[in-house]
Amino acid sequence: MNALELFRTGRDYIEIAAILGASVPSVEIEIHRLRSAEKGDTVGLDHAGAEIRRFPHRIKPGTPVNFAGGQRRLRV
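Let me sum up the structure you'll find in this document. (Residues numbered from 1 in each chain as written. Predicted model: local features only at pLDDT ≥ 70, side-chain atom pairs only at ≥ 80, totals over all residues. Heavy atoms only, no water.)

### Focus: the packing of aromatic side chains
Put simply, the rule is: Pairing of aromatic rings covers Phe, Tyr and Trp, the last through its six-membered ring, and needs centres within 6.5 Å; plane angles under 30 degrees mean stacked, over 60 mean edge-to-face, and all others mean tilted. Per-residue accessibility, obtained with a 1.4 Å probe over protein chains only, is compared with the maximum for each type, and a residue is labelled buried under 20%, exposed over 50%, and partly exposed between these values.
Counted under the stated rule, the structure contains one aromatic pair. Seen in terms of ring centroids, F7 and Y13 are 5.7 Å apart; in terms of plane orientation they differ by 10°. Their pairing is stacked. Overall, F7 belongs to the partly exposed group, its relative accessible area being 27%.

Dropping the structure here:
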């Protein structure tokens, strides 16, 4: 049985994780992924077209960069 089948039998994430020998977050992610695939929802696969750019193309080498976070940019 996979995580989704166990979930549909009324078990909670902790029980499913114990049965499958996996962590609770990984079971939760697997159930969400399987349910989304059944519905045909693939929006999360490409992260809604956004990517994290750590080094914008207009910065010259040697320029100080804030490494705490990147700039979000929508793909066109």
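### Let's talk about helix α3 (residues 24-39)
Under the convention used in this document: Numbering of helices and strands starts at the N terminus; helices are DSSP runs of H or I of at least 4 residues and strands are runs of E of at least 2. Take the number of residues in a helix, subtract one, and multiply by 1.5 Å to get its expected span. We call two residues contacting when some pair of their heavy atoms lies within 4.5 Å.
In this model, α3 (16 residues) spans 23 Å end to end at C-alpha, consistent with the 22 Å of a helix rising 1.5 Å per residue. Those residues of α3 lying buried are V27, I31, L34 and S36. Residues of α3 that are buried in the fold lie against α1 (3-8) and α2 (13-20). Directly after α3, the chain includes G40, whose backbone phi takes a positive value near 80°.

### Structural notes on the pattern of salt bridges
Basically, it comes down to this: Salt bridge criterion: a side-chain nitrogen from Lys or Arg within 4 Å of a carboxyl oxygen from Asp or Glu.
Enumeration over the complete set of coordinates arrives at two salt bridges. As a salt-bridge pair, E38 and R8 come within 2.6 Å of each other at their nearest N and O atoms. Placement of the pair is E38 in helix α3 and R8 in helix α1, with a sequence separation of 30 residues. Of the residues examined, E38 reaches a relative accessible area of 51% and is grouped as exposed. By relative accessible area, which is 53% here, R8 ends up exposed. Note that E30 is salt-bridged to R33, the shortest N-O span being 2.6 Å.

### Notes on the nonpolar core
Short version of the rule: Only buried residues count toward a nonpolar core. Its members are Ala, Val, Leu, Ile, Met, Phe, Trp, Tyr and Cys residues joined through side-chain atoms within 4.5 Å.
A3, L4, L6, I16, A17, V27, I31 and L34 together form the largest nonpolar core, which totals eight residues. Mapped onto this core, the elements with two or more residues apiece are α1, α2 and α3. Those residues within four positions of I31 in sequence are excluded, and the remaining contacts are A3, L4, F7, Y13 and I16.

### Some words on the packing of α2 against α3
Note the cut-off: Fitted lines through C-alpha atoms serve as axes, helices being fitted only where they are in contact, and the angles separating the N-to-C directions of these axes extend from 0 to 180 degrees. Angle categories: roughly parallel below 35 degrees, roughly antiparallel above 145, roughly perpendicular from 65 to 115, and oblique for all the rest. Charged means Asp, Glu, Lys or Arg here, nonpolar means Ala, Val, Leu, Ile, Met, Phe, Trp, Tyr, Cys or Pro, and polar covers whatever is left, Gly included.
Contact pair α2 / α3: the axes reach a minimum separation of 9 Å and the direction vectors enclose 105°. What the angle tells us is that α2 and α3 run roughly perpendicular. Of α3, the residues touching α2 (which contributes Y13, I14, I16 and A17) are V24, V27, E28 and I31. Class assignment for the residues of the contact of α2 with α3 results in seven nonpolar, no polar and one charged.

From the geometry alone we can't say anything about function, so treat these as descriptive.
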